[in-house]
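Reading the structure
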Amino acid sequence: MAAMPKQHPSAGTPVPDLSTVWLRVFLVVARHGSFTVAARALGWTQSAVSRQISSLEAALGGAALFDRLPRGVRLTEAGRLLVPHAETVAETLHGAARALADLREVAGGRLRFGAFATADAALVPHALAAFRVRHPRVRLSREEGLTPGLLDRLAAGHLDLAVVSTTGRAPLESYELRHLLDESLYVAVPADHPLAGRAGPVRLGQLADADWISGSSRPEGTLLDAALRQGFRPRVTHVVGEWTAKQGYVAAGLGVTLVPALAAESVRPDIALLPVLDEGAPARAVYAATARGRELTPAVEAFVGALREAVARIPVPG
């Protein structure tokens, strides 16, 4: 039974609903000039090939595509006109199949991901370097931002994955989370600070009277939540956003600041890092977040694997 033609949405021209099987059989017959030889090439019967060609001709308005000759067949003018179009369809479908195979094998496609700033200090570069070696044909794009903004980008479909943390009290429960690490904290003090030479971790309460350098004037929703949990409200005297700038303020003796483990590798030599005593829950957890209900590409899964491998390479200051 011939397929009914569709109506073109803009010009009102009937558009035939063609089976790709018909077009494939048509091209094989055109190549061999024979229904019998085409049937052998396809592993079909000659009558099956003939039915496919008849269905295609009917769908195209009844014009004959082949002259049936005593020995074989020959393309009509309509058949010659159809050949390049059928070849274009076939090549497009082959291209789609190749692209989908590349996607499955992480040999193509794209990966759009974001990360918060301290994850970009060591975790993400290690993971990205390993991923690029293994999957060089995947197109990568990266964004940096705060966890709430990255989650918004993820929900809107602009990112495939985001490396986020529990800092900032973002609504993480709305996303699929793959745990990467529980991150410890260090307090950065000037190299000549009385606590700089001591062994072992310190309690934040020992620095309750210190001037603090933070990215916000309020400790709530920042790393300084840890101080609130330990019973004191830190006195933030300098609001500084960049990690490198915070270190400069510490080195100049203007205060102390908290440094997460992910940023500890890049600490300058004229300040000292003191591990903070973990007296309960870790300072923050770090996750690879994806949008709930969205199918993950193999590239996303591969990058999560690279992130987990990179966690083991995060240095711990001595």
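Residues numbered from 1 in each chain as written. Predicted model: local features only at pLDDT ≥ 70, side-chain atom pairs only at ≥ 80, totals over all residues. Heavy atoms only, no water.

With that out of the way, let us pick up the overall build of the chain. Helix and strand counts for the chain come out as nine helices and 14 strands. In terms of overall dimensions, the chain is more spread out than a globule: its C-alpha atoms have a radius of gyration of 32 Å, far above the 20 Å expected for 318 residues. Summarising its shape, the C-alpha atoms of the chain cover approximately 105 × 40 × 30 Å along the three principal directions. Scored against the burial criterion, the 318 residues of the chain give a buried share of 42%. Pairs at least 24 residues apart make up 68% of the contacts formed inside the chain by residues separated by at least 6 positions. When the accessible surface of the chain is summed, it comes to about 16700 Å², and 54% of that surface belongs to carbon and sulfur atoms. For the chain, the centre of its 34 positive side-chain charges and the centre of its 30 negative side-chain charges are spaced 8 Å apart. (Helix = DSSP H or I, 4+ residues; strand = E, 2+ residues; numbered from the N terminus. Rg over C-alpha atoms; globule rule 2.2 N^0.38 Å. Buried < 20%, exposed > 50% of the residue type's maximum accessible area, 1.4 Å probe, protein only. Contact = heavy atoms within 4.5 Å. Areas by Shrake-Rupley, 256 points an atom, 1.4 Å probe, with all protein chains shown as cover. Lys, Arg positive; Asp, Glu negative; His and termini not counted. Charge placed at Lys NZ, Arg CZ, Asp CG, Glu CD.)

Let us now look at the pattern of salt bridges. When charged atoms on two side chains of opposite charge get close, those side chains can pair. The final tally for this structure, using the stated rule, is 13 salt bridges. With a shortest N-O distance of 2.6 Å, Arg134 and Glu309 are connected by a salt bridge. Placement of the pair is Arg134 in helix H5 (residues 123–134) and Glu309 in helix H9 (residues 298–311), with a sequence separation of 175 residues. You can call Arg134 partly exposed: its relative accessible area is 45%. On the basis of relative accessible area, Glu309 is assigned to the partly exposed category, the value being 41%. Note that Glu220 and Arg218 form a salt bridge whose closest N and O atoms lie 3.4 Å from each other. By relative accessible area, Glu220 is classed as partly exposed at 26%. Several salt bridges converge on common partners, so that one network encompasses Asp120, Arg142 and Glu144. (Salt bridge = Lys/Arg side-chain N within 4 Å of Asp/Glu carboxyl O.)

Sheet architecture is open: five strands sit in the order E6-E5-E7-E14-E8, paired in mixed fashion. Where the open sheet ends on each side, the last strands, each with one partner, are strand E6 (139–144) and strand E8 (175–183). Within the sheet, the average angular offset between the axes of one strand and its neighbour, ignoring direction, is 20°. Pairing between strand E5 (residues 110–115) and E6: six bridges, direction parallel. Directly across from Leu111, in E6, lies its bridge partner Leu140. Lying over the sheet, helix H6 (residues 147–155) contacts E5, E6, strand E7 (161–165), E8 and strand E14 (284–291), oriented at roughly 155° with respect to E7. (Pairing = 2+ DSSP bridges. Axes fitted to C-alpha atoms, helices over the stretch in contact; angles between N-to-C directions.)

Along H6, the residues classified as buried are Thr147, Leu150, Leu151 and Leu154. Each buried residue of H6 lies within a common arc of 100° when the element is viewed along its axis, so the set occupies one face. As for H6, its buried residues are in contact with E5, E6, E7, E8 and E14. (Arc of directions from axis to C-beta.)

Our focus in this paragraph is the packing of helix H2 (residues 35–42) against helix H3 (residues 46–59). Their axes nearest at 8 Å, the elements H2 and H3 cross at an angle of 105°. Considering their axes alone, H2 and H3 lie roughly perpendicular with respect to each other. Facing H2, whose interface residues are Phe35, Thr36, Ala39 and Leu42, H3 presents Gln46, Val49, Ser50 and Ile53. (Parallel < 35°, antiparallel > 145°, perpendicular 65-115°, else oblique.)

This next bit is on the nonpolar core. Counting 31 residues, the largest nonpolar core has Val187, Leu204, Trp212 and Leu258 as the members making the most contacts within it. Counting only elements with at least two residues in this core, the list comes to strand E9 (185–190), strand E10 (211–214), helix H7 (225–229), helix H8 (243–251), strand E12 (257–260) and strand E13 (271–275). No other element matches the five residues that E9 contributes to this core. In contact with Leu258, other than residues within four places in its own chain, are Leu185, Tyr186, Val187, Leu204, Trp212, Leu223, Leu224, Trp243 and Val276. Formed by 29 residues, the second largest nonpolar core is a distinct cluster that contains Val163, Leu307, Val311 and Ile314. (Core = buried A, V, L, I, M, F, W, Y, C linked by side-chain atoms within 4.5 Å.)

For the rest of this paragraph, the subject is H5. Since one α-helical turn is 3.6 residues long, residues separated by three or four positions face the same way. Between the first and last C-alpha of H5 there are 17 Å, a value that for 12 residues agrees with the 16 Å anticipated at 1.5 Å per step. Among the residues making up H5, those that are buried are Leu123, Val124, His126, Ala127, Leu128 and Phe131. Looking at the buried positions of H5, the neighbouring elements they touch are E5, E6, E7, E8, E14 and H9. (Expected span 1.5 Å × (residues − 1).)

This paragraph deals with the environment of Gly215. Mapping Gly215 onto the fold places it in the loop between E10 and H7. On the basis of relative accessibility, which here comes to 45%, the residue Gly215 falls in the partly exposed class. The sequence separation of Gly215 and Thr257 amounts to 42 residues, and the corresponding C-alpha distance is 9.6 Å. Setting aside residues up to four positions removed in sequence, Gly215 forms contacts with Val239, Val240, Gly241 and Lys246.

Take the layout of surface pockets next. Of the voids in this model, the largest pocket is the one considered here, and its volume is about 650 Å³. Those elements that provide at least two residues to the lining of the largest pocket are H6, E10, H8 and E12. Of the residues in the lining of the largest pocket, the class split is nine nonpolar, 13 polar and four charged. Put simply, the second largest pocket is a space of about 270 Å³. Around the second largest pocket, the lining comprises 13 residues; the ones closest to its centre are Thr20, Arg24, Leu27, Ala90 and His94. Partitioned by chemical class, the residues of the lining of the second largest pocket number nine nonpolar, two polar and two charged. (1 Å grid on protein atoms, 1.4 Å probe; cavity = no way out; pocket = protein on both sides within 12 Å on 5 of 7 lines; lining within 4 Å. Points joined across faces, edges and corners; volume = space filled by probe spheres on them. Nonpolar A, V, L, I, M, F, W, Y, C, P; charged D, E, K, R; others polar.)

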